[in-house]
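Report on the structure
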Amino acid sequence: MFPLIPIEQRVRMLAKPSGPIDVVLDTDTYNEVDDQYALAYLIRSTDRLNLLAIHAAPFLNQRSSSPGEGMHRSYGEIRKVLTLMGREDLLPLARRGSEQFLADEETPVSSDAVENLVRLARGHTAERPLYVVAIGAITNVASALLTAPDIADRLVLVWLGGHGLHWPDTKEFNLFQDVAAARVVLGCGVPVVMLPCAGVVSEFRTTGPELEHHLRGRNPLCDYLVEVTMTQGSEEGHPLTWSRVLWDVTAVAWLLPGDFMDDYLVPTPIPEYDGHYGSDPTRHLMRYVYRIKRDNLYADLFTRLAALE
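Computed from a prediction, not measured in an experiment: that's the story for all the values here. (Residues numbered from 1 in each chain as written. Predicted model: local features only at pLDDT ≥ 70, side-chain atom pairs only at ≥ 80, totals over all residues. Heavy atoms only, no water.)

Points about helix H5 (residues 139-147)
- Counting buried positions over the nine residues of H5 gives eight, a clear majority of the element.
- If you check which residues of H5 are buried, you get Thr 139, Asn 140, Val 141, Ala 142, Ser 143, Ala 144, Leu 145 and Leu 146. (Buried < 20%, exposed > 50% of the residue type's maximum accessible area, 1.4 Å probe, protein only. Helix = DSSP H or I, 4+ residues; strand = E, 2+ residues; numbered from the N terminus.)

Let's talk about the pattern of salt bridges
- Within this structure, the stated rule accounts for 19 salt bridges.
- For Arg 216, the salt bridge identified is with Glu 212, shortest N-O distance 2.8 Å.
- Among the ionic contacts, a cluster of salt bridges with common partners joins Asp 259, Asp 262, Arg 291 and Lys 293. (Salt bridge = Lys/Arg side-chain N within 4 Å of Asp/Glu carboxyl O.)

Looking at the packing of aromatic side chains
- Considering all chains together, one arrives at four aromatic pairs under this definition.
- Geometrically, the ring pair formed by Tyr 264 and Tyr 288 is tilted, given 5.6 Å between the ring centres and 50° between the ring planes. Highlighted residues: Tyr 264 in strand E9 (residues 261-267) and Tyr 288 in strand E12 (residues 285-292), separated in sequence by 24 residues.
- On the accessibility criterion, Tyr 264 (37% relative accessible area) is partly exposed.
- One aromatic cluster is present, formed by Phe 204, Tyr 298 and Phe 302 through successive ring pairs.
- Sitting over the ring of Tyr 30, Arg 63 keeps its end group 4.3 Å from the ring centre. (Phe/Tyr/Trp six-rings, centres within 6.5 Å; stacked < 30°, edge-to-face > 60°. Lys NZ or Arg CZ within 6 Å of the ring centre and 35° of its normal.)

Considerations on the sheet that holds E9
- Reading across from one edge, E3-E2-E1-E4-E5-E6-E12-E9 is the order of the eight strands in this open sheet, with mixed pairing throughout. Edge positions in the sheet fall to strand E3 (94-95) and E9, since each of these pairs with one other strand and no more.
- Inspection of the sheet shows E9 paired to E12 by seven bridges, in the antiparallel sense. By the bridge assignment for E12, Leu 265 is matched with Arg 287.
- Contacting strand E1 (21-27), strand E2 (49-56) and E3, helix H3 (residues 67-84) runs over the sheet at an angle of about 145° to E2. (Pairing = 2+ DSSP bridges. Contact = heavy atoms within 4.5 Å. Axes fitted to C-alpha atoms, helices over the stretch in contact; angles between N-to-C directions.)

Focus on the pairing of E12
- Both strand E6 (residues 192-195) and E12 contribute to a ladder of two bridges, which runs parallel. What sits directly across from Val 193, in E12, is Arg 287.

Overview of the state of the cysteines
- Counted according to the given criterion, the structure contains zero disulfides.
- Among the cysteines around Cys 197, which has no disulfide bond, Cys 188 carries the closest sulfur, lying 20 Å off.
- You can call Cys 197 buried: its relative accessible area is 5%. (Disulfide = S-S within 2.5 Å.)

A few points about helix H9 (residues 220-236)
- Here H9 is 17 residues long and its end C-alpha atoms lie 24 Å apart, about the 24 Å a rise of 1.5 Å per residue gives.
- Where H9 is concerned, the buried positions are Leu 221, Cys 222, Tyr 224, Leu 225, Val 226, Val 228, Thr 229, Gln 232 and Gly 233.
- The elements touched by buried residues of H9 are helix H2 (33-43), H3, helix H8 (208-214), strand E8 (243-245) and helix H11 (294-306).
- The N-terminus of H9 is capped by Asn 219, whose side-chain oxygen sits 3.2 Å from the backbone nitrogen of Leu 221. (Expected span 1.5 Å × (residues − 1). Polar contact = N/O pair within 3.5 Å; in protein donor to acceptor, adjacent residues only side chain to side chain.)

Geometric descriptors of this kind do not, in isolation, establish any biological role.
What follows is the structure, given as structure tokens:
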């Protein structure tokens, strides 16, 4: 049974942290280039964020033949980004996650990442929680919570997932890949900060000329990010006028000082299997980001990435 978190404690845990904190990143890094930006941004923010682990998440689309292949490719991409940054010392932090999505809302999928998250969470408390930044399908985190319900009041989950509460559907990639996992994390009581995609984070767009000006030629990582973003952007948008949302950066940014976004407390929604949100005003509170201050956040991101030597 999951622990019942008193509302005063929940509100305290959902406040933006004011000092250095311990962080785990859960990422489907090979899926889209925004994960690489988010990973690099987190590592370049070690003045505030103490990175304890990087967990590879499963995904399934045209870039993988199965959730497990997506996870293994993401694990490899994590290692590639760390090497490009000259941070081979962080390679031991990378762990392989779940090879499949949840079959139901009761059965976890075991993995090295799940075991590691349980171990790390049990070293924290409600007064000093472990922050989990999740920027893919939420399978690993849900599996850890199902494996060890006692950790629910030792974590704060910052998840880029779902669409805005005003959006007509919930068929966002991270959420809709594993609806069972989303129902677990939003229903079990773990404190959640939700950054919805369409209607909110979708405002966080950049363009080729902007990347060329701020990042090109600064270091090997920046050159790699520019090349991949240019390729993906021109493939997915108009070849002359494309723009690209770097979705996952915003989840890292919520933990950092700076005027990057606005949020408020709201009852957690209920992700339904038919692609919409159910609602219950008596459900526990989460923190919901409703506005991204695009210019402020890109200024900080570009500055941190370009300064890498």
